[in-house]
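Topology and contacts: notes
If you want the building blocks of each chain, they are given just below.
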Amino acid sequence: MFQLTKSKHLFEQAQKGIPGGVNSPVRAFKSVGGAPVFIHSAKGAYLFDVDGNKYIDYIASWGPMILGHAHPEIVAAIQKQVEYSTSYGAPTLLEIEMAELIKSMTSNVDLIRMVSSGTEACMSAIRLARGFTGKNKFIKFEGCYHGHADCFLVKAGSGLATLNIQTVPGVTAGVSMDTLTCAFNDLDAVKKLVADNKDQIAAIIVEPVVGNMGCILPNEGFLEALRIICDEEEMLLIFDEVMTGFRLAKGGAQELLNIKADLVTYGKVIGGGMPVGAFGGRLEIMSHIAPLGNVYQAGTLSGNPIAMRAGYTLLSLLKNGDHYNSLEKKTIYLKEGLSKVFTKVGVPFVINQMGSMISLHFSAVPVTNFETAAAANNNLFNQFFHKMLERGIYLPPSAFESWFLNDALTYADLDATIEAAEESIQSLL
Ligand code: HOZ
């Protein structure tokens, strides 16, 4: 029988020493309710919790575990490196190999700087865009999440949307003033912001396929138009590929959608499950970063040897394998299976999917931006989440997050998920 006795106990204990019992807010299950599941271990496509429950994992650590958990080659690479020490704070050959590998997989990255998280990557990219253009403002889209640096915490998705946090105490009005926002996929709104702030905007930052308000796809022509606007207005186009990088294709969304950004940020997959981020771009822009230029950015654990080994091993497996086709086929199979279930039971739903990113909104209208994602029946999603959990299916604990498939999933796992979805939704209607 499904029970979470030990998880509940650990959650009580955790709250005594950790804010909300978690080290990242969405994990607290606040919007879906109940105690979060405490994980004991994971292997391949499965998570095992402290109560002995087994789950089919659709989070993949929020993206990184694209080939499944504890991949033998990644484990071996980490084990080997650990013998040589865990950090030097000095340059290594590993970092050169990592930079060369990334450059070989992305067409427009001349220089790449490794950091320790997606947040760091995005905040550094904005600083660089400002330093390079000499302009202060930037445009971000409502419901997009670029990490928790002050300037991004305006109408942000992910945990802020999940917890319905509108303004963040501690972020000064002065900082937020330079962050301009409008709806994702709304080109007219972008044009108006650009016209109203002529010659003051350094960059547009965008998740090319959004993963932080569920999975939201760009309308045809939207990203292409942003590229043109940036060129005309001498602004930089920054693709936040923390989620999509090395996940949607070897060259990420840039390759899949055939659009080149001026700067790209990475995280998640790039670290193979270790805390890694990166930002890169053309030489003329990246050469403004210290020590080449004066845009300062640094980090003691940047380029950490264990993280580099893990990331390099995973990226090599992705570069040399055929995982993207396999991942996409599995994701489409899941999408079609779930669609049949929800059509049969007659509940309004939208499933957005690109590559191995997918999400479910209980909505009667297309979900194309934050407004439509927020207007969906997210209460039903929250109940659905728990019914799935009871049946051994681990979904993101929020309708405002993408699901990430991993290539260790089997078709039997997908069938089990579809079956669980049918039982779950039927039990709720
Ligand atoms: N905000 C992250 C996903 N968009 C969640 C990270 C986590 O809790 O690990």
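Described in the following lines is the structure provided in the data block.

The rules behind these values
Residues numbered from 1 in each chain as written. Predicted model: local features only at pLDDT ≥ 70, side-chain atom pairs only at ≥ 80, totals over all residues. Heavy atoms only, no water. Helix = DSSP H or I, 4+ residues; strand = E, 2+ residues; numbered from the N terminus. Rg over C-alpha atoms; globule rule 2.2 N^0.38 Å. Buried < 20%, exposed > 50% of the residue type's maximum accessible area, 1.4 Å probe, protein only. Contact = heavy atoms within 4.5 Å. Lys, Arg positive; Asp, Glu negative; His and termini not counted. Charge placed at Lys NZ, Arg CZ, Asp CG, Glu CD. Pairing = 2+ DSSP bridges. Axes fitted to C-alpha atoms, helices over the stretch in contact; angles between N-to-C directions. Near = heavy atom within 4 Å. Polar contact = N/O pair within 3.5 Å; in protein donor to acceptor, adjacent residues only side chain to side chain. Areas by Shrake-Rupley, 256 points an atom, 1.4 Å probe, with all protein chains shown as cover.

This part covers the overall build of the chain. In terms of helices and strands, the chain carries 15 helices and 14 strands. For the chain, whose C-alpha radius of gyration is 21 Å, the value lies close to the compact-globule estimate of 22 Å for 429 residues. Overall, the C-alpha framework of the chain stretches about 60 × 55 × 45 Å when taken along its three principal axes. With 429 residues in all, the chain has 57% of them scored as buried. Relative to all contacts within the chain whose residues are 6 or more apart in sequence, the contacts with residues 24 or more apart total 73%. Side chains of the chain carry 34 positive and 42 negative charges; the gap between the two charge centres is 3 Å.

The next thing to look at is the sheet that holds strand E8 (residues 236-240). The seven strands lie next to each other as E4-E10-E9-E8-E7-E5-E6, forming an open sheet whose pairing is mixed. Each having just a single partner strand, strand E4 (111-115) and strand E6 (179-182) make up the two edges of the open sheet. Taking the axes of each pair of neighbouring strands and ignoring which way they run, one obtains an average angle of 20 degrees across the sheet. Bridging between E8 and strand E9 (residues 263-266) involves three bridges; their strand directions are parallel. Among the inter-strand pairings, aspartate 240 is bridged to a residue of E9, identified as threonine 265. In the packing of helix H4 (residues 118-133) onto the sheet, contacts are made with E4, strand E5 (137-141), strand E7 (201-206), E8, E9 and strand E10 (277-281), and the angle to E9 comes to roughly 165 degrees. The strands touched by helix H8 (residues 222-233) within the sheet are E5, E7 and E8, with E8 carrying the most contacts at an inclination of about 145 degrees.

Along the chain, alanine 290 connects to proline 291 via a cis peptide bond; the corresponding omega equals 10 degrees. Residue placement: proline 291 occurs in the loop between helix H10 (283-286) and helix H11 (305-320). Despite not being glycine, alanine 60 has its phi angle at roughly 55 degrees, a positive value. As for its placement among the helices and strands, alanine 60 is situated in the loop between strand E3 (54-57) and helix H2 (72-82). Take alanine 60: its relative accessible area is 1%, and that puts it in the buried class.

Every residue near the ligand is listed here: Ser24, Arg27, Trp62, Ser158, Asn212, Met243 and Glu401. With respect to the ligand, the side chain of asparagine 212 contributes an N or O atom lying 2.8 Å from a nitrogen atom. Between a nitrogen atom of the ligand and a side-chain N or O atom of glutamate 401, the distance comes to 2.8 Å. Burial of the ligand by the surrounding chains reaches 88%, relative to a free accessible area of 290 Å².

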